[in-house]
Structures are given as C-alpha cells and as structure tokens.
Amino acid sequence: MKTVFVTGGAGFIGSALVRLLIAESDWTLVNIDKLTYAGNLESLGAVQDEPRHVFSRCDICEREALDRLFAEHRPAGVIHLAAESHVDRSIHGPAEFIQTNIVGTYTLLEATRAYWLGLPDSGKASFRFHHVSTDEVYGSLNETGLFLETTPYSPNSPYSASKASSDHLVRAWMHTYGLPSVVTNCSNNYGPYQFPEKLIPLMITNALAGKPLPIYGKGDNVRDWLYVDDHVRALKLVFERGVPGETYNIGGHNEKTNLEVVDALCTLLDRMRPRAGGRVYAELKITVADRPGHDRRYAIDAGKIGRELGWTPRESFETGLAKTVAWYLAHPEWVAHVVSGEYRHWVEKNYSHRAAQ
Ligand code: NAD
Ligand code: DAU
C-alpha cells in the first residue's frame, strides 16, 4: 500500500493510467492536474468514488502548492505526465509549452528533490521519478530506420523541443543530484477519451458530424500507433521495474501513413454507423495546407522494454482502432460535452468536495 503522484491524470493518457492503477494496484493515487482545456474529469468518472484516487487541482509550476502536497501525502514516487501535448497548438502559441513542459518539469523536479532529500536512506533508494515523454524528441526519420534509446535528440517543433528540454532536466537531476529517475519515450497513442484535436478522434468526431476530414499535405507522413492501454501497462512496468538512469522507448510496430489511418477509420465507420443515402465517409476527406516543419516519419524500436521488462503490446492497430471507434460511438455524451465546453463544469458538479486549489 503506497502513495504515488500522477501528474496530468485528467488528460488522455493520465486518465487511462489512473484507471489502470486503481484496477491493478493497491496504491493510493494523488492526481495533480491544472485542468487546462485538455484536462477532463469526466474521463475519470469510473474512479470518482474511489477513495484511493485523490484529485488535486494544481499547476506544476506552483512550487508551494507542490511542497504542501508532498508534505501531506508523502509519496513513494511520481509519474509525470502533465504537459501541453498538441503539436499544432505549440506552433501557434509556444509560450504555454515552455512554461508547463520546461518550467513546470523543473519546478516539479525541485519540489521532488527537496522532499526526497528528507527521506530515510531506504526511502531515498526506492523512490522513483518517472518522466513520460515522446518519440518526437528524436526528430524525423526518412523511409528507413527506427528510433533507439541511443538515437541523438533532434526535436523540430516547439512541442518536441520543450519535451526534449524536460528530458534533459530529468537526466541532469539524476546525474547531478542522484534523484532516481526513469524516462519513457512513446510513439503516437490513440484510444478512448482522447481530446478531438488529435488525428484519430478528430477524424471520428468530424466524420460523425458530417464535417470535412482535413489531411495535412499529401497525407503520406508516417506515425507509429499504440493503443493507450498498452502504453499505460508499459508505464506501470517501467515505474515498478525500470532501472534508474535508463530510458525506455515504447511503440506498437504499427507504422501507417495518415491517409491509411483516415481510410481505415472511414471503412470502420461505414460498417459500424453507415451514412444515409449510400454515401461513404471517405467522401469527406479534404487536403489542407501542411503543418509547418511537419516531421516526415516516426517509428520506434521497442526492443529494449521487451527484452528487459517483458512488455509487448496486446492490441494490433486493427483491433485497437475498432475498439476506439466503438468507444466513440458508444459515448456521444462525452464528445458532446467536450464540443460544448460542458466538461469544464464537471469538476464543480462532481469533485467540489475533494478538489483542492
Ligand atoms: P493531454 O493533453 O491529453 O493531457 C495533459 C494533461 O496535463 C491535462 O489533463 C492537463 O490539464 C494537464 N496539465 C497541463 N498543464 C498542466 C500544468 N501546468 N500543471 C498541471 N497539469 C497540467 O496529454 P496526453 O496526450 O495524455 O499526454 C500525456 C503525456 O504523455 C505528455 O507528457 C505527452 O508529452 C506524453 N506523450 C503523449 C503521447 C500522445 O500520443 N498523446 C505520446 C507520447 C508521449
Ligand atoms: O509521437 C508522439 C506524439 O504524437 C505525442 O508526443 C504528441 O503529444 C501527440 O500529439 C502526437 O503528435 P502528432 O503531431 O504526431 O499527432 P497528431 O494527432 O496531431 O497528428 C498525427 C498526424 O496526422 C501528423 O502527421 C499530422 C496529421 N494530421 C493531424 C491533424 C490534427 C492531419 O493530417 N490532420 C489533422 O487534422
């Protein structure tokens, strides 16, 4: 029975991690989240009455608030997911990315270090700071090759540069101060509860609303897709068994062009929710201006986490995508609340008794 901090636990991956850890551990989770536009407590409905889930509305840039949380809950470790996560937003407004991803990670590291220094030797040794990062720090691949843990960093967008900076800070806090840390770098996630700004949920929600499906450039950029539940199982494994100072790449061996992804979604929707009048969803595809600096291809070599920790993904792209479409079809109210902004009021209605400012 231990207490673990999860930052960003109201986001897409963080909420999946919280649901998994409540189901598959006996830990108490302190979920530290600022509730930006991407934070949605409705995604945590399944654990809202669970006493082992303690939600705290807190900005990771606020040192005093973090110090209070450490003093109150005395965690055995931190799994850090809180971040600004959307590449297009980082291109249009990088400031929040610098603030949360770099300054926020620095502030969290310093609050963690101050708390960690006060632990007895055994607590110091077993403590873990797990930083959840992205494969985008490695830059862009051409037609061949895979990202390894040893691939040099070469971030290209404000988002990936801010994540690369945070990875380097974590490395430095381990090397200089001895804070026992692990870093994971994962490929593109998809699955239930993903905010409909990212490719897959945007295409599903637009298609269901009869809106255009905007494909950047020629649609031939490649991403390596991983079902979110496979990612969070990997996070639990690395947090528990990863070696301090090591980094682990996580990916699904599911390389697809964006056009292949959109076509697969259209085919699934044609079968699961046929359009009226014999029309097909693919008619909604349009090409739009390319993303500035658009990375060509990402592909992960996940051999290390497989060999050393025994992790393999359970879902293929086909099974994971079918599950995802089925989830969005079965949860129109979650999508409607996101689109209308209703989800922003959910915290007052459902969490006011527990949410700490
Ligand atoms: P998300 O945007 O869905 O969620 C981010 C969460 O962080 C939100 O709940 C938000 O409210 C919270 N947050 C933002 N700023 C904060 C702050 N200053 N203080 C406290 N909380 C704050 O993101 P996601 O897709 O779930 O990604 C989670 C993490 O995983 C990120 O660090 C991201 O870089 C990384 N990652 C994401 C993917 C992916 O495909 N989505 C892949 C690899 C790695
Ligand atoms: O690789 C991991 C990263 O994957 C994570 O670190 C990021 O947090 C996450 O957002 C994701 O970044 P991408 O930029 O790859 O994901 P996104 O869903 O925004 O775009 C996927 C691809 O689809 C990319 O090549 C751009 C393209 N795209 C995206 C959108 C939103 C389109 O063609 N049309 C769109 O409308």
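Here's a quick rundown of the structure. Think of each chain on its own: its residues are numbered from 1, step by step along the sequence as written. Going through the entries in the order they are written, you letter the chains from A and number the ligands from 1. At least 70 in pLDDT is required for a residue's local features to be given in this predicted model, at least 80 for side-chain atom pairs to be given and counted, and no such filter applies to totals for whole chains, interfaces and linings, which use all residues. To obtain the side-chain values, all non-hydrogen atoms of the structure were included, while hydrogens and water were left out.

**Considerations on helix 8 (residues 228–241)**
Put simply, DSSP marks the helices as runs of H or I at least four residues long and the strands as runs of E at least two long, and each gets a number from the N terminus on. One less than the number of residues in a helix, times 1.5 Å, gives the span that helix is expected to have. Between its terminal C-alpha atoms helix 8 stretches 20 Å, which fits the 20 Å expected from 14 residues at 1.5 Å a residue. Relative accessibility thresholds used throughout: buried, under 20% of the residue-type maximum; exposed, over 50%; partly exposed, between the two (1.4 Å probe, protein chains only). A large share of helix 8 lies buried, amounting to 11 of its 14 residues. Looking only at helix 8, the buried set comprises Val228, Asp230, His231, Val232, Arg233, Ala234, Leu235, Lys236, Leu237, Val238 and Phe239.

**Comments concerning the packing of helix 7 (residues 199–208) against helix 9 (residues 258–272)**
The packing of two helices is summarised by the inter-axis angle and the distance between the axes. Think of each axis as a best-fit line through the C-alpha atoms, taken over the contacting stretch in the case of a helix, with angles from 0 to 180 degrees between the N-to-C directions. Close contact between helix 7 and helix 9 brings their axes to 10 Å; oriented N to C, the two are set at 40 degrees. Viewed along their axes, helix 7 and helix 9 adopt a mutual orientation that is oblique. Here helix 7 runs over helix 9; the crossing is right-handed. Across from Leu199, Ile200, Met203, Ile204, Ala207 and Leu208 in helix 7, the residues of helix 9 making contact are Asn258, Val261, Val262, Leu265 and Leu269. Amino acids outside the nonpolar list (Ala, Val, Leu, Ile, Met, Phe, Trp, Tyr, Cys, Pro) and the charged list (Asp, Glu, Lys, Arg) are all regarded as polar, and Gly is one of them. Residues belonging to the contact of helix 7 with helix 9 are distributed by class as follows: 10 nonpolar, one polar and no charged. When describing relative orientation, an angle under 35 degrees is termed roughly parallel and one over 145 degrees roughly antiparallel, while 65 to 115 degrees is termed roughly perpendicular and anything else oblique. Crossings are sorted by hand: turned counterclockwise from the far helix by less than a right angle, the near helix makes the crossing left-handed, and turned clockwise it makes it right-handed. Any two residues whose heavy atoms approach within 4.5 Å at even a single point are treated as in contact.

**Here we look at the pattern of salt bridges**
Salt bridge, as used here: a side-chain nitrogen of Lys or Arg that lies within 4 Å of a carboxyl oxygen of Asp or Glu. Going through the model one piece at a time under the given rule, you end up with 17 salt bridges. Here Glu240 ties to Lys236 by a salt bridge, and the two come within 3.4 Å at their closest N and O atoms. Separated by four residues within a single helix, Glu240 and Lys236 lie in helix 8, roughly one turn from each other. Lys236 sits in the buried class, given a relative accessible area of 16%. Glu283 is the salt-bridge partner of Arg275, the closest N and O atoms lying 3.7 Å from each other. The class for Arg275 is buried, based on a relative accessible area of 17%. A single network of salt bridges, built from pairs that share partners, joins Arg89, Glu197 and Lys198.

**Details of the site of ligand 2**
Around ligand 2, a shell composed of 23 residues is seen, among which Ser85, Asp135, Tyr159, Arg291 and His294 lie nearest. One nitrogen or oxygen atom from the main chain of Tyr216 is found 2.9 Å from an oxygen atom belonging to ligand 2. Take Arg291: an N or O atom from its side chain is 2.6 Å from an oxygen atom of ligand 2. To be clear on the numbers: accessible area is Shrake-Rupley with a 1.4 Å probe, and residue cover counts the displayed protein chains and nothing else. A total of 680 Å² of accessible area belongs to ligand 2 in isolation, and the protein chains cover 94% of it. Taken together, the elements giving at least two residues each to the shell around ligand 2 come down to helix 7 and strand 8 (213–216). Here the element with the most residues in the shell around ligand 2 is strand 8; it accounts for three residues. Considering only residue class, the shell around ligand 2 consists of nine nonpolar, eight polar and six charged. Working definition: residue near molecule or strand if any one of its non-hydrogen atoms lies within 4 Å of it. Pairing of N or O atoms within 3.5 Å defines a polar contact, subject to two protein rules: one partner must be a possible hydrogen donor and the other a possible acceptor, and residues neighboring in sequence count only if both atoms are side-chain atoms.

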